[in-house]
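Understanding the architecture of this molecule
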Amino acid sequence: MDHLLLLSLSLTSLMQPTSSMNEQFLKKWQMGLQIFRPSIDNTSVSERKRAIKLSADVAMASLRKGTTCWSRALIQKAATQDNFLVRQMLSGIKEETLINKKLPKIVCHRKIVRRSKKILMRRKSKSAMEEVAAKAKKLVKRKTQGLRNIVPGGEFMSNNVLLIQETLDYIVSLQTQVNVMRSIVDAADAGVER
């Protein structure tokens, strides 16, 4: 498990949203908002909020072009809410192929697992090791279930390594979304102050 933690920490520092991701997200989000524009004018605040969130989710998922489980799950969820919006924003990419795309297979490297087991065996006696392993498994199970509940499509991922990779990618996409929205708010605030 230490290997997974080190992997996730090293990947988190490498996986920062780029300015091109921000630009692509903004373009897709604007497209979604323009599609909603005629129907938004005479709607309530909650319906406007739903339209903004839905178009932002589809824009974020479309950046990954269905290569991740969370993006396919978001596209599938959005398609049930507004199929027309999804088809327009994906422009040329078939929604069905994104939803039905198979998950990549990830295999743990056996050599690393064996080496870590040998080190643990040397450090602790069997009974103490079994107790610690049981507690660690329980904690890992609880934390991974929490991740499965948070990441779109996470409930369909049985592989913990894939779940962590998907989570990291989803976090980067959420950072992109927040950066763009923060820039829009800053620009709007600067325009009001003039």
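You'll find the chain entered in an unreviewed UniProt entry as IBH1-like N-terminal domain-containing protein, with Brassica rapa subsp. trilocularis given as the organism. Under the UniProt heading Subcellular location (unreviewed entry), the note attached to the chain is "Nucleus".

A look at the overall build of the chain
From N to C terminus, the chain includes nine helices and zero strands. Listed by position from the N terminus, the elements making up the chain come as α-α-α-α-α-α-α-α-α. In the chain, which comprises 194 residues, the share counted as buried stands at 32%. Looking at the chain alone, contacts between residues at least 24 apart form 67% of all its contacts between residues at least 6 apart.

Remarks on the nonpolar core
By size, the foremost hydrophobic cluster in this structure holds 27 residues, and its most contacted members are Phe25, Trp70 and Val86. Secondary structure elements with two or more residues in this core: α2 (19-40), α3 (45-63), α4 (69-81), α5 (83-90) and α9 (160-193). Sequence-distant contacts of Phe25, that is, excluding residues within four places in its chain, are made with Ala56, Ala59, Met60, Leu63, Thr176, Gln177 and Val180.

A few points about the packing of α3 against α4
Two numbers describe how α3 lies on α4: the axes approach to 9 Å, and their chain directions differ by 145°. In the packing of α3 onto α4, the handedness of the crossing is left-handed. Facing Arg50, Leu54, Asp57, Val58, Met60 and Ala61 of α3, the residues of α4 in contact are Trp70, Ser71, Leu74, Ile75, Ala78 and Gln81. Broken down by class, the residue content of the contact of α3 with α4 amounts to eight nonpolar, two polar and two charged.

Description of the packing of aromatic side chains
Going through the model one piece at a time under the given rule, you end up with two aromatic pairs. Aromatic pair Phe25 and Trp29: ring centres 5.7 Å apart, planes at 25°, arrangement stacked. Of this pair, Phe25 and Trp29 both sit in helix α2, separated by four residues, roughly a single helical turn. Here Phe25 falls in the buried class, since its relative accessible area comes to 0%.

Quick notes on the rules
Residues numbered from 1 in each chain as written. Predicted model: local features only at pLDDT ≥ 70, side-chain atom pairs only at ≥ 80, totals over all residues. Heavy atoms only, no water. UniProt positions renumbered as here; feature names shortened; annotations may be inferred. Helix = DSSP H or I, 4+ residues; strand = E, 2+ residues; numbered from the N terminus. Buried < 20%, exposed > 50% of the residue type's maximum accessible area, 1.4 Å probe, protein only. Contact = heavy atoms within 4.5 Å. Core = buried A, V, L, I, M, F, W, Y, C linked by side-chain atoms within 4.5 Å. Axes fitted to C-alpha atoms, helices over the stretch in contact; angles between N-to-C directions. Left-handed = near helix turned anticlockwise from the far one by under 90°. Nonpolar A, V, L, I, M, F, W, Y, C, P; charged D, E, K, R; others polar. Phe/Tyr/Trp six-rings, centres within 6.5 Å; stacked < 30°, edge-to-face > 60°.

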